[in-house]
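Fold and contact review
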Amino acid sequence: MKRLIQKNLQPTNNMKTKLTVFLLATALICVVGCNQKQLKKPASTDGEDAAAASMSEDNVRHMAQVFAQEFAAELKRQNLTLAGGGEGQTGSLKPIEPVGRPVELKSAPDVMAFYAADPEGFTVAQPGDLPSDLEWVNGSELEEFASPDAKRGGTFMEYTSDYPRTLRFVGPDANGAFRSHMLDYNAVYLVMPYPNGDGYYPGLAKEWAVAPDGRTVFFRLDPDARYSDGKLLKVTDFFFGLYMMRSEHIQAPWYNDYFSNEKFENVTIYDKHTLAIRFYKAKPDVIEKIAGLRPVPEHFYGELDEQYVEDFQFKFEPTLGAYEVKSENVKSGESITLTRVAGWWANNKRFFRDRFNPDAIKVTVIREANSAFELFKKGDLDWHGLALPEYWYEKLSDDHELVKNGHVEKIQFHNDVPRPTWAVRLNSNHPVLSNQDIRVGMNYALNFSAVIEKCFRNDYERMRTVADGYGPRSHPNLKARAFSVEKAKEQFAKAGYTELGSDGILRTLAGKRLSFVFTTPYKRLDEAGVMTVLKEEAKKAGVDLQVEVMERTAAWKKISEKKHEMMLGALNTSVEMYPRFWEPYHSDNAYKEDKKDRYDANGKLKSGLTPKPVTNSFTLMADHEIDGLIERYRASESLNEITQLSHTLIQKIHEQGAYVPGWVRPWYRVGQWRWVKYPKDYNVRESREPFEFHIHWIDSDEKSRTLKAMEDGEASGAASIRVFDKYKLD
């Protein structure tokens, strides 16, 4: 937020304060410059501020801290505030009238230096500087979506196929399946998207207002918000959130880019409960974009260094959500139990009451899919997915004893969301798959229609493009290439694969076979026959697929490091107004080299580039024209232009052939024990999984009755096989 320079400042104060600012900046820079990369220990987990355990730097750091405190005191004595300046300025000063209580920064020297290095990005203003003409809203017009009949208590029994490699929220290995329990389905953000339609409901902010510029949003924090360790949320934790997300120490390039100062231009703090965040563009969904800035508890970390990834590998960051992970509930390699935060601050808030009902969620590691299903049938797990037809029709058929006797319910719920991207991604950096003719040929050689028919009993539908489910932003008529042996071989011949070997596999004249390692992290797909069908059908087109079914974490590690040749898998998609293209398809995320070094003078991709790990560019696609279109798409503020660019990008990516659309299912199916209860409509429109919005509860009395009935060989009630199609699309 740009601030005007007042012309009536007293010369002595002005000069004195500027000198103070200069000395502070100099001192901080010296501290950072003197850092000899000596490692600091992480903050203690008891929630108290942790002093950095540096060795030769202690005295210097102490002096800088004292100096920073004296600087803040001097500002207070002079009744002045430091704020971001205008063009070409590093800051400006203006006299203020005492209004409320201004916020003081008391961060570690490295953090203070980070803020000082970007004076236009971090502004500490005065309460009286808050615009008086804002239109504040609070989502009060929206209806609650949880049930007042919900009951608290019990332990919800869940499972995961692999033990998490970390409890960190960001950095290497932090994107595993367990993350949804800790963060995705647990975190409370400034505002929360309403899951039954348009709008937002209060989260950490009790009200908010969009500025006339369309890219700045003001928030008033809920004063009750506190972390699971009992510490109150501080408005300065939003400053620290950007410090962390931009740090190279978290080893997370996606976060570094997404939260860069090129996108999140400024955070202004007005008082301990009021802040404003300015985005780089007046995007149509600017509120949701800005609200994605998560506060990070500064009292827990203090500051970051090279040891962050290792030191916080299995330390759970204090959360503002309902569930936390305590060290005593971590059974290495076996299970992790999340427990409900005692006296959770949002217990009685309008859109959080009657949610997050179980006292605990026990997530047990069960690596074999069949074992998990057997444990579900015994009642050791409260639910099991029935998306695969063999589970819905055979393993838990309508005449199964558990279903007939009313012990277990079968549910099919139609939702309305962008679907997980089940597809084959071809590594365009591979010596053979770098050839576009080969990639397009593989699109014709992978028979997903046969998969849908033979493995999914035609319950699923063929995915059309890289971006389905975004309404007008999805391509209106483009479809995936249909299986064709003739067209596949025609493409392969263009790349020199013209000879058919005695084994039925195409070869070049030099004898090189058309063969690829085909990796998947999903054993259940192999068990359902998906990999076998694709392998057998591809052979008809002269392609040898060497199926590699790996343990999930190991497979995603291989894929993340870009060591795969072709992979079958899915990424979850967010419920958003328009799709994302930069993360998976811009060359920034494919290769380490600078953009100017990726392409030659004619815009052609150079050879010998270094794949960039830990990004979502699993196709390693890089195209100069597509890069430019994505950059225009990201910069656009017009929904019409965004729509047109989206259509163009979908078409261009289709032509590249590195992404082979698989399947989608317009619903999810689950089996659940009758003691797991839900509201009358079962779930919200935008739920992607049954327990994403935590509106279920455990009826402990019903559980006792059901277990007793089973013991006595009696029915618990009538069979319950229900289809909820309120949100079904025509």
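These numbers come from a predicted model, not from an experiment.

Next up on the list: helix α13 (residues 436-445). Given 3.6 residues per turn, any residue in an α-helix points the same way as the ones three and four places further on. Burial of α13 is extensive: eight of the 10 residues sit out of reach of the surface. Within α13, burial applies to Ile 438, Arg 439, Val 440, Gly 441, Met 442, Asn 443, Tyr 444 and Ala 445. Of the residues that open α13, the one with a side-chain oxygen 2.8 Å from the backbone nitrogen of Asp 437 is Asn 435.

Moving on to the nonpolar core. One recurring pattern in soluble globular proteins is that nonpolar side chains are buried together. In this structure, Phe 219, Met 442, Phe 492, Val 530, Leu 568 and Trp 663 are the most contacted members of the largest nonpolar core, which totals 157 residues. Here this core gets seven residues from one element, more than from any other, and that element is helix α5 (residues 237-245). Excluding residues that lie within four positions of it along the chain, Phe 492 makes contacts with Ile 438, Gly 441, Met 442, Ala 445, Tyr 497, Leu 506, Leu 514, Ala 541 and Val 543. Counting residues in hydrophobic clusters, the runner-up holds 22 residues, among them Leu 478, Tyr 585, Ile 630 and Tyr 633.

This structure, assessed with the given rule, holds 55 aromatic pairs. Arranged with centres 5.9 Å apart and planes meeting at 65°, the rings of Tyr 201 and Phe 352 form a pair that is edge-to-face. Linking Tyr 201 in strand β6 (residues 200-202) with Phe 352 in the loop between β12 (335-340) and β13 (360-365), this pair joins segments that are 151 residues apart in sequence. Phe 352 gets classed as buried once you look at its relative accessible area, which sits at 3%. Here Lys 410 stacks its cationic end above the ring of Trp 392, 4.2 Å away from the centre of that ring. The ring of Trp 392 is capped by Arg 669, whose NZ or CZ atom sits 4.6 Å from the centre of that ring.

This part is about the confidence of the model for the chain. The pLDDT averaged across the chain works out to 88; a share of 86% of its residues lies at or above 70. Scored below 50 in pLDDT, residues 1-57 makes 107 contacts in the model with residues more than four places away or belonging to other chains. Within the model, the stretch residues 66-100 combines pLDDT values under 50 with 80 contacts to residues more than four positions away or in other chains.

A few words now on the sheet that holds strand β3 (residues 122-124). Here we have five strands laid out as an open sheet, ordered β3-β9-β10-β8-β7, and mixed in their pairing. Each edge of the open sheet carries a strand with a single partner, namely β3 and β7 (205-210). Each strand of the sheet is rotated relative to its neighbour by a mean of 20°, with strand direction disregarded. In this sheet, strand β10 (residues 274-279) lies alongside strand β8 (residues 216-221) in antiparallel orientation, the contact comprising five bridges. Bridge pairing in β10 links Arg 220 to Thr 274.

When helix α15 (residues 485-494) is considered as a whole, its buried residues turn out to be Ala 488, Gln 491 and Phe 492. Along α15, the residues classed as buried sweep out an arc of 100° about the axis, all on the same side. Exposed side of α15, more than 90 degrees from the buried face: Glu 486 and Lys 494 are the residues found there. Among the structural elements, α13 and β19 (506-507) are those in contact with the buried residues of α15. Directly beyond the C-terminal end of α15, a positive phi value near 100° is found at Gly 496.

It is worth spelling out unusual backbone geometry at this point. The general pattern is negative phi for most residues beyond glycine and trans for most peptide bonds. Even without being a glycine, Gln 251 presents a positive backbone phi close to 55°. Assignment of secondary structure puts Gln 251 in the loop between α5 and α6 (253-258). On the accessibility criterion, Gln 251 (41% relative accessible area) is partly exposed. Unlike most non-glycine residues, Asn 458 shows phi in positive territory, near 60°.

Under the definition given, this model contains 48 salt bridges. Here Lys 349 and Asp 222 are joined by a salt bridge, their closest N and O atoms 3.0 Å apart. You can see Lys 349 sitting in the loop between β12 and β13 and its partner Asp 222 sitting in the loop between β8 and α5, a full 127 residues away along the chain. Classification of Lys 349 by relative accessible area gives partly exposed; the value is 23%. You can call Asp 222 buried: its relative accessible area is 10%. Linked by salt bridges that have partners in common, Asp 503, Arg 507, Arg 513, Lys 535 and Asp 544 make up one network.

Rules used throughout
- Residues numbered from 1 in each chain as written.
- Predicted model: local features only at pLDDT ≥ 70, side-chain atom pairs only at ≥ 80, totals over all residues.
- Heavy atoms only, no water.
- Buried < 20%, exposed > 50% of the residue type's maximum accessible area, 1.4 Å probe, protein only.
- Helix = DSSP H or I, 4+ residues; strand = E, 2+ residues; numbered from the N terminus.
- Polar contact = N/O pair within 3.5 Å; in protein donor to acceptor, adjacent residues only side chain to side chain.
- Core = buried A, V, L, I, M, F, W, Y, C linked by side-chain atoms within 4.5 Å.
- Contact = heavy atoms within 4.5 Å.
- Phe/Tyr/Trp six-rings, centres within 6.5 Å; stacked < 30°, edge-to-face > 60°.
- Lys NZ or Arg CZ within 6 Å of the ring centre and 35° of its normal.
- pLDDT = per-residue confidence, 0-100.
- Pairing = 2+ DSSP bridges.
- Axes fitted to C-alpha atoms, helices over the stretch in contact; angles between N-to-C directions.
- Arc of directions from axis to C-beta.
- Salt bridge = Lys/Arg side-chain N within 4 Å of Asp/Glu carboxyl O.

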